[in-house]
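Chain residues, written in single-letter form:
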Amino acid sequence: MSKGKKMNKSVKTGLLIALCVIVVGGILAFIFCRPSYFKSWNKDSAPLQALQSYVSDVTDVTSPNFIRHEDRIAVFDMDGTLMSEKYPTYFEWLMLAHRILDDPDYKDKATPQEIELAKGIRSLKQDSKIPSNYEKWESEVGGKAYEGMTLYDYYNYVRQFKKTKADGFENMNLGEAFFEPMKEVVKYLEDYGFIVYICSGTDRFLDRALLSDIFPEIPSSQIIGMDYKVITKNQGSTDPLEYEYQPGENLIRTSELIQKSIKMNKAAIMAQEIGKLPVLSFGNSTGDASMLNFTISNPDYKSLAFIIKWDDLDREYGNIETSNKVQDLADKYGWITISMKDDWKTIYAEGVIKSK
């Protein structure tokens, strides 16, 4: 064999060895250096194991339950599912009370009815029941309180308010009151090719401003929420079919509520905006029942629904009565319950503790 041929053979052998090292190294790295997604969960959590088993199944191309990437739709409620809503109440409601009672640009314009609602919101604590008329009342007042504000100004208003200290906790602002275990679930699902939507009863534009730092990877188009009609300042009462948007104009908020995305509306809005049935959904209250049942009614794919029980009285402002109702509904419809007390090792970021 000539010297040149021996050299070529050596080069080929070397390249083959190098390729094998790279491949084996990649496999070992995948096995031993995979992201540790669930640091905030207890390892023996049954609902977490159910989720991981499900994801492993439906992302396996050889499985009869395989779901194509474009159909891997996961939907999450926001308040109470991804973030705190219990002490004293929803972020949106707290911001409205601030707008009415404290904001120098608005408080002198507030009506007696608005002031009554704002004071009522501030009096709510975890052991208080929200009056039945507050949901509709807050939606009506919320529209009026920000009427005329540009979408840009409203976005910045939310981002400023979320710096407010979270009442009832130490070392946490309102904009940081997100559950670490659920943040891990979102990251996990996205890494396995799921398309994540947030479907909230809160104002859509508030949701986008609030979630932008927590879940920057979720496009604003995948954040669904309550909607008010928007117009341009110069448009006034002119029918939008008769008005032409002019260069340099800005969209402003009105007080006209289009639709509040709670209860049955969640299922309807998801059908309209997503165009597909989800295969995974996560909620926390009886108001999420339609969304969860909409998910498990998917005729094409294996699907699961999870609901969080607020049963932790030590680290959170839990409510056992509400948790029992959630468990009863889960048993009735076949949802999987997640216990804050039993399934979560931690709830909030390091250093955050309950103070009351």
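It should be noted that the structure appears before, not after, this text.
Residues numbered from 1 in each chain as written. Predicted model: local features only at pLDDT ≥ 70, side-chain atom pairs only at ≥ 80, totals over all residues. Heavy atoms only, no water.

*Asks:* Outline the overall build of the chain, supporting the account with residue identities and numerical values.
*Replies:* Across its full length, the chain carries 12 helices and nine strands. Counting the 356 residues in the chain, one finds 48% classified as buried. Nonlocal contacts in the chain, meaning residues at least 24 apart in sequence, comprise 73% of its contacts between residues at least 6 apart. With the model as given, the accessible surface of the chain reaches about 18200 Å², and the carbon-plus-sulfur share is 54%. The distance from the centre of the 44 positive side-chain charges to the centre of the 51 negative ones in the chain is 8 Å. (Helix = DSSP H or I, 4+ residues; strand = E, 2+ residues; numbered from the N terminus. Buried < 20%, exposed > 50% of the residue type's maximum accessible area, 1.4 Å probe, protein only. Contact = heavy atoms within 4.5 Å. Areas by Shrake-Rupley, 256 points an atom, 1.4 Å probe, with all protein chains shown as cover. Lys, Arg positive; Asp, Glu negative; His and termini not counted. Charge placed at Lys NZ, Arg CZ, Asp CG, Glu CD.)

*Asks:* Go over the environment of methionine 340 with me, naming the residues and quoting the values.
*Replies:* Its place among the elements puts methionine 340 in helix 12 (residues 340–343). Here methionine 340 falls in the buried class, since its relative accessible area comes to 0%. With 235 residues separating them along the chain, methionine 340 and aspartate 105 place their C-alpha atoms 40 Å apart. Not counting residues up to four positions away in its chain, the partners in contact with methionine 340 are Phe179, Ile308, Lys309, Trp310, Asp311, Asp312, Arg315 and Glu316.

*Asks:* Break down the nonpolar core for me, citing the residues and quoting the values.
*Replies:* Counting 76 residues, the largest nonpolar core has Phe76, Met182, Leu189 and Leu280 as the members making the most contacts within it. Ranked by the residues each element gives to this core, the list is headed by helix 3 (residues 91–101), at seven residues. The residues touching leucine 189, leaving out its near neighbours within four places in the chain, are Leu51, Val55, Ala74, Phe76, Phe194, Leu280 and Phe282. (Core = buried A, V, L, I, M, F, W, Y, C linked by side-chain atoms within 4.5 Å.)

*Asks:* How would you summarise the packing of aromatic side chains if you had to cite specific residues and measurements?
*Replies:* The final tally for this structure, using the stated rule, is 23 aromatic pairs. With centroids separated by 5.7 Å and ring planes inclined at 80 degrees, the aromatic side chains of tyrosine 134 and tryptophan 137 adopt a geometry described as edge-to-face. Pair noted here: tyrosine 134 and tryptophan 137 are both in helix 5 (residues 134–145), with a separation of three residues, about one helical turn. Between phenylalanine 179 and tryptophan 310, the ring centres sit 5.5 Å apart and the planes meet at 65 degrees, which makes this aromatic pair edge-to-face. Separated by 131 residues along the polypeptide, phenylalanine 179 in the loop between strand 2 (169–170) and helix 7 (180–191) and tryptophan 310 in the loop between strand 7 (304–309) and helix 11 (320–333) bring together distant segments of the chain. The class for tryptophan 310 is buried, based on a relative accessible area of 3%. An aromatic cluster of at least three residues, connected via ring pairs, comprises Tyr37, Phe38, Trp41, Tyr87, Phe169, Phe179, Tyr188, Tyr192, Trp310, Tyr317, Trp344 and Tyr348. Taking the ring centre of tyrosine 157 as reference, the NZ or CZ of arginine 99 above it sits at 5.4 Å. If you follow lysine 354 out to its NZ or CZ, it ends over the ring of tyrosine 317, 4.5 Å from the centre. (Phe/Tyr/Trp six-rings, centres within 6.5 Å; stacked < 30°, edge-to-face > 60°. Lys NZ or Arg CZ within 6 Å of the ring centre and 35° of its normal.)

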